[in-house]
Every structure is written in C-alpha cells, then in structure tokens.
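Each chain, written out:
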Amino acid sequence: MVDFLKQLNDSQRDAVTQIDGPVMVIAGAGSGKTRVLTYRIAYLLSKNVDPFNILALTFTNKAAREMKERIALLVGEGKARSLWMGTFHSIFAKILRIESEKLGFPSNFTIYDTDDSKRLLKSIIKEQSLDDKTYQPGYVLGRISNAKNNLIGAREYNEDYEIQSADAAARKPKLGLIYSLYQQRLIKASAMDFDDLLFNTNVLLRDHVDVLYKYQQKFHFILV
Ligand SMILES: Nc1ncnc2c1ncn2[C@@H]1O[C@H](COP(=O)(O)OP(=O)(O)OP(=O)(O)O)[C@@H](O)[C@H]1O
Ligand SMILES: [Mg+2]
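Residues numbered from 1 in each chain as written. Chains lettered and ligands numbered in written order. Predicted model: local features only at pLDDT ≥ 70, side-chain atom pairs only at ≥ 80, totals over all residues. Heavy atoms only, no water.

A. Spotlight on the domain arrangement of the protein. Along its sequence, the protein is organised into domain 1 (3-100 + 207-223) and domain 2 (110-189). Here the C-alpha centre of domain 2 lies 36 Å away from the C-alpha centre of domain 1. (Domains from an automatic or database assignment.)

Written out as structure tokens, the structure reads:
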C-alpha cells in the first residue's frame, strides 16, 4: 500500500486508484480536484506506469507548475521530468513542433502572443485602407479567435453564407478578407497565434492518421 494515499479522503482515493477505463470527477471549487489529479499521476507512477505514457493537461500554467512540483516530491524528480504535463497550449505547441512539417511549418515556428497578433492586424487594416474604428484590431482578433475556436478556418469563414451575411449586416464586410490576409501573413512569417496552437493540433490529428495513431499509442493515460 502506498502511504501517500492516506492524504486523501475516501472519494478522492476512489478516484485516484480506479485506473482501468475512463473516470470523470465532478466536484465543487476548492474540494480537492487538483489534489486528485496530482495523486492519480503519482499513483500511476508507483504502479510502474511509464511517465512517457502519461499526458496531463491543465488550464493554467500555475496549476501545471504546482502539479509538477508536487509529483516530483511524491515520486522523485527523474520520473516527474518525463511526464507530458502542461497547459493545452504548451503541450499542443510541443506536439506541433515535433510534427510541424506535416502542416508545412518549420519546427522552430514562432508563436505570436496577443500583442504580436494585434500589431499584425493593425498593419493589415492600414494596408487595406480600412477604417480602424470599424475594424479595431482587438475586436477583429476576437472575431478571428472565436472562429478558430469553432474550427472555422479563413476559407470556411469566407465561404459561409451566414457568417458573411452577419458581417455585412454589422457593416463589417471585410472581416473575412482580414482573416485570410492575417493567416497568409502568419504562414509567411512561419508563425502561429495562440488559437492556431489549438486549431492546428486539431487539423494535425484529424488529417494525419499516422500522427493520430502515434499519439494514441504513446498516451495510455490522459488526465485533464
Ligand atoms: N484530502 C485532503 N486533506 C487535506 N487537505 C486537502 C485534501 N484534499 C485537498 N486538500 C487541500 O485543499 C485545498 C484545495 O484542494 P485542490 O486545490 O486540490 O482543490 P480544487 O478542487 O482543485 O480547487 P479549485 O476549484 O480551486 O481548482 C488545497 O490546499 C489542498 O491541499
Ligand atoms: Mg484545481
């Protein structure tokens, strides 16, 4: 019996030690979910699961850092280091760097932060002689981000009748053009923005069965 299990209550222990098949935990704020995830990973490692086969995704860098530190204390630095643990964005960036050529990017592609994205949009809006009150970079980026999070690429955006009608009605008919130019410029700069990290990982796993298969074989345990 592993003694760190004593630091859990009964429900937490159930969630940690049930390792065959999927497990979903529904619990309120501050009730010990992060502790469950952390100990579940420690428990898997104590059962000799290879850290290489574990993927743990968090929403914030803070949570990822805390979990990593805690797991290192529970199972040792060495094992903790080989875990794939991080935010959705950081883990997807890691996968995209490994598989970048499948998507036509160099492995050292640049990641644009929000300011980089806004700066690029500002110059596109200027080059197109568009009114920067109608097309405020922050607003345009929000629209593009929303599209990407719904897996709507620039081409689909421009070919979607409903989106085009809505933009025309809102007197912002050039949003689709700006979206296309923005993606072209990102590609030319070998860059992805934050939303591309999610969008492109979806494309990668959707359109490249060999890559999908590879990560399905690698990750036996996925914790979110
Ligand atoms: N079984 C336990 N015994 C004692 N303390 C615990 C136990 N489980 C969790 N805690 C403590 O309670 C606090 C909240 O736990 P945790 O961060 O795991 O909760 P959470 O559900 O992830 O919270 P949040 O909703 O904020 O993400 C932490 O300080 C944690 O160390
Ligand atoms: Mg938490």
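Structure shown, so let's carry the discussion forward.
B. Broad picture of the sheet that holds strand β1 (residues 54-58). One open sheet accounts for three strands, arranged β2-β1-β5; its pairing is parallel. Every interior strand has two partners, whereas the edge strands, β2 (84-87) and β5 (221-223), have only one. Pairwise comparison of adjacent strand axes, ignoring direction, gives a mean angle of 10° for this sheet. Pairing between β1 and β5: three bridges, direction parallel. Looking across to β5, one finds that Ala56 is bridged to Leu223. In the packing of helix α2 (residues 33-46) onto the sheet, contacts are made with β1, β2 and β5, and the angle to β5 comes to roughly 165°. The strands touched by helix α3 (residues 61-75) are β1 and β2; relative to β2, the strand with the most contacts, the crossing angle is about 155°. (Pairing = 2+ DSSP bridges. Helix = DSSP H or I, 4+ residues; strand = E, 2+ residues; numbered from the N terminus. Axes fitted to C-alpha atoms, helices over the stretch in contact; angles between N-to-C directions. Contact = heavy atoms within 4.5 Å.)

C. Local environment of the site of ligand 1. What surrounds ligand 1 is the set Gln7, Leu8, Asn9, Gln12, Gly28, Ala29, Gly30, Ser31, Gly32, Lys33, Thr34 and Arg35. Gly30 is positioned with one of its backbone polar atoms (N or O) 3.0 Å from an oxygen atom of ligand 1. At 2.8 Å from an oxygen atom of ligand 1 is found a main-chain nitrogen or oxygen belonging to Lys33. In the complex, 51% of the free accessible area of ligand 1, which totals 630 Å², lies under the protein chains. The element that contributes the greatest number of residues to the shell around ligand 1 is α2, accounting for three residues. (Near = heavy atom within 4 Å. Polar contact = N/O pair within 3.5 Å; in protein donor to acceptor, adjacent residues only side chain to side chain. Areas by Shrake-Rupley, 256 points an atom, 1.4 Å probe, with all protein chains shown as cover.)

D. Layout of the pattern of salt bridges. Under the defined criterion, the tally for this structure stands at 11 salt bridges. In this structure, Lys148 and Asp193 form a salt bridge, with 2.8 Å as the shortest nitrogen-oxygen distance. With Lys148 in helix α7 (residues 137-149) and Asp193 in strand β4 (residues 191-193), the pair connects residues that are 45 residues apart, well separated along the chain. Side by side, Lys148 and Asp193 carry an identical accessibility label, which is buried. In this structure, Arg206 engages Asp207 in a salt bridge whose closest nitrogen and oxygen atoms are separated by 2.8 Å. Looking at Arg206, the relative accessible area reads 52%, which means it is exposed. Salt bridges sharing partners connect three or more residues here, namely Lys148, Asp193 and Asp196. (Salt bridge = Lys/Arg side-chain N within 4 Å of Asp/Glu carboxyl O. Buried < 20%, exposed > 50% of the residue type's maximum accessible area, 1.4 Å probe, protein only.)

E. Summary view of the environment of Lys172. Checked against the element boundaries, Lys172 lands in the loop between α9 (161-169) and α10 (175-188). A relative accessible area of 18% places Lys172 in the buried class. Here Lys172 is in contact with Thr134, Tyr135, Tyr139 and Asp167, once residues within four sequence places are set aside.

F. The arrangement of the packing of α2 against α3 in detail. It is at 10 Å that the axes of α2 and α3 come closest, and there the two elements cross at 40°. Considered as vectors, α2 and α3 are oriented oblique to each other. In the crossing of α2 with α3, the sense of the turn from one axis to the other is right-handed. Contact residues: α2 offers Thr34, Arg35, Leu37, Thr38, Tyr39, Ile41, Ala42 and Leu45, while α3 offers Met67, Arg70, Ile71, Leu74 and Val75. Residue composition of the contact of α2 with α3, grouped by class: nine nonpolar, two polar and two charged. (Parallel < 35°, antiparallel > 145°, perpendicular 65-115°, else oblique. Left-handed = near helix turned anticlockwise from the far one by under 90°. Nonpolar A, V, L, I, M, F, W, Y, C, P; charged D, E, K, R; others polar.)

G. Structural view of a nonpolar patch on the surface. Where nonpolar side chains cluster on the molecular surface, the patch consists of Phe59, Ile222 and Val224 and spans about 370 Å² of accessible area. Take Phe59: it is sitting in the loop between β1 and α3. (Patch = residues over 30% accessible without salt bridge, like charges linked within 9 Å, V, L, I, M, F, W, Y side chains within 5 Å.)

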